[in-house]
Amino acid sequence: MFNEMFPVFHNSTQGLNDPDLAAMATFLLGDQPPAAKVQTDVPLDKLSTSAQRGRQDYLNVCAGCHAVGGEGKPHIAVAMRGNTTLRLEDPRNLVRVIDEGIGEQKFAGFENMQPMPGLAEKLSHEQLPDLVDYLRQGWGGRSGDLAVKDVQTLRADAPPLEHKAH
Ligand code: HEC
């Protein structure tokens, strides 16, 4: 999770017991939820050409914090592998996180999560769709390329963030 969900997790949901968790899942998904989808990494040669180009941008701009294999780094940054933001059908949140970053999170007991910088200036209009395809196909369990112009439209239309990363 990120943003407003951090305090929710930290102060509340991490303490749920199994029956309460199950009850909440039933409330949200109904009595017959879809089967859980296990996410495995997709090898490079199974990715689209766009996604393969995007890997280069990932290595250049993101891997320093999120790690080459997407496993994240303790006390530095969360994992990309299996990350919910990559799995969503709508790429809007992913595009905005990349462009605008996320503010620092403060927890009880002097724990914190450092901010993620906004990286809009490091990724051209051609690079961003490639990168988003790489993340979604490689670790998000989604297939197919997004339309380049749709990603560019999302980028252009993004309203200002309520909680800026700086
Ligand atoms: C300087 C380190 C740093 C770099 C570089 C960086 N990130 Fe992050 N990223 C973070 C941190 C730290 C968080 C968690 C921030 C928070 O939630 O407060 C994060 C969070 C995210 C999230 C949200 C994860 C979630 O749980 O939903 C995504 C998606 C993401 N980063 C993608 C990227 C991509 C793609 C790049 C490269 C374009 C990138 N990041 C570059 C540090 C970094």
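A few words on the coordination of the iron atom of the ligand. For the iron atom of the ligand, the protein coordination sphere consists of His 66 (NE2) and Met 116 (SD), at 2.0 to 2.1 Å. The coordination sphere of the iron atom of the ligand comprises six donor atoms, whose angles at the metal cover 85 to 179°; the geometry is octahedral. Of this pair, His 66 sits in helix 3 (residues 49-66) while Met 116 sits in the loop between strand 2 (112-113) and helix 6 (127-139); the two residues are 50 residues apart in sequence, bridging distant segments of the chain. Comparing His 66 with Met 116, the two get one shared label, buried.

Relative to the elements of secondary structure, Arg 136 occurs in helix 6. An unpaired buried charge is present at Arg 136: no salt bridge exists, and Asp 133, the closest side chain of opposite charge, is 5.3 Å distant. One polar contact links the side chain of Arg 136 to the main-chain carbonyl oxygen of Leu 88, over a distance of 2.9 Å. Separated by 3.2 Å, the side chain of Arg 136 and the backbone oxygen of Glu 89 make a polar contact. With sequence-adjacent residues up to four places away left out, Arg 136 is seen in contact with Leu 86, Leu 88, Glu 89, Asp 90, Pro 91, Leu 94, Gly 141, Arg 142 and Leu 146.

Moving on: the packing of helix 3 against helix 6. Packing of helix 3 against helix 6 leaves a shortest axis separation of 7 Å and a crossing angle of 95°. Here helix 3 lies roughly perpendicular to helix 6, going by the angle between them. Across the interface between the two elements, Ser 50, Ala 51, Arg 53, Gly 54, Arg 55, Asp 57, Tyr 58 and Cys 62 of helix 3 pack against Gln 127, Pro 129, Asp 130, Leu 131, Asp 133, Tyr 134, Leu 135, Gln 137 and Trp 139 of helix 6. Residues of the contact of helix 3 with helix 6, tallied by class, amount to eight nonpolar, four polar and five charged.

With that settled, the discussion passes to the packing of helix 5 (residues 92-100) against helix 6. The relative placement of two packed helices comes down to the angle between their axes together with the axis-to-axis distance. One way to put it is that helix 5 packs onto helix 6 with a least axis distance of 11 Å and a crossing angle of 120°. By the angle class used here, helix 5 and helix 6 are oblique. Relative to helix 6, the crossing made by helix 5 is right-handed. Contacts between helix 5 and helix 6 involve Leu 94, Val 95, Ile 98 and Asp 99 on the former and, on the latter, Leu 128, Leu 131, Val 132, Leu 135 and Arg 136. In terms of residue class, the contact of helix 5 with helix 6 is made up of seven nonpolar, no polar and two charged.

Turning next to the packing of aromatic side chains. Tallied over the full model, the rule gives three aromatic pairs. Here Tyr 58 and Trp 139 contribute two aromatic rings whose centre-to-centre distance is 5.1 Å and whose plane-to-plane angle is 70°, an arrangement assigned as edge-to-face. One end of the pair, Tyr 58, is in helix 3; the other, Trp 139, is in helix 6, and 81 residues separate them in sequence. Accessibility classification places Tyr 58 together with Trp 139 in one group, the buried group. Pairing Tyr 134 with Trp 139 gives two aromatic rings, centres 5.3 Å apart and planes at 65°, and the pair type is edge-to-face.

Right, let's get into the domain arrangement of the protein. As assigned here, the protein comprises domain 1 (1-36) and domain 2 (39-157). Between domain 1 and domain 2, the C-alpha centre-to-centre distance is 24 Å. Contact with domain 1, which involves five residues of that partner, is made by seven residues of domain 2. Between domain 1 and domain 2 lies a buried interface of about 590 Å² when both sides are counted; carbon and sulfur atoms form 74% of it. One can count zero salt bridges joining domain 1 with domain 2. On the surface where domain 1 and domain 2 come into contact, there are zero residue pairs in polar contact (both at pLDDT 80 or more). Tallied by class, residues from the side of domain 1 that touches domain 2 come to three nonpolar, two polar and no charged.

The rules behind these values
- Residues numbered from 1 in each chain as written.
- Predicted model: local features only at pLDDT ≥ 70, side-chain atom pairs only at ≥ 80, totals over all residues.
- Heavy atoms only, no water.
- Donors = N, O, S within 2.8 Å, 3.2 Å for Na, K, Ca; no water.
- Tetrahedral: all angles 85-135°; square planar, octahedral: opposite > 155°, others 65-115°.
- Helix = DSSP H or I, 4+ residues; strand = E, 2+ residues; numbered from the N terminus.
- Buried < 20%, exposed > 50% of the residue type's maximum accessible area, 1.4 Å probe, protein only.
- Lys, Arg positive; Asp, Glu negative; His and termini not counted.
- Salt bridge = Lys/Arg side-chain N within 4 Å of Asp/Glu carboxyl O.
- Polar contact = N/O pair within 3.5 Å; in protein donor to acceptor, adjacent residues only side chain to side chain.
- Contact = heavy atoms within 4.5 Å.
- Axes fitted to C-alpha atoms, helices over the stretch in contact; angles between N-to-C directions.
- Parallel < 35°, antiparallel > 145°, perpendicular 65-115°, else oblique.
- Nonpolar A, V, L, I, M, F, W, Y, C, P; charged D, E, K, R; others polar.
- Left-handed = near helix turned anticlockwise from the far one by under 90°.
- Phe/Tyr/Trp six-rings, centres within 6.5 Å; stacked < 30°, edge-to-face > 60°.
- Domains from an automatic or database assignment.
- Buried area = accessible area lost by both parts, 1.4 Å probe.

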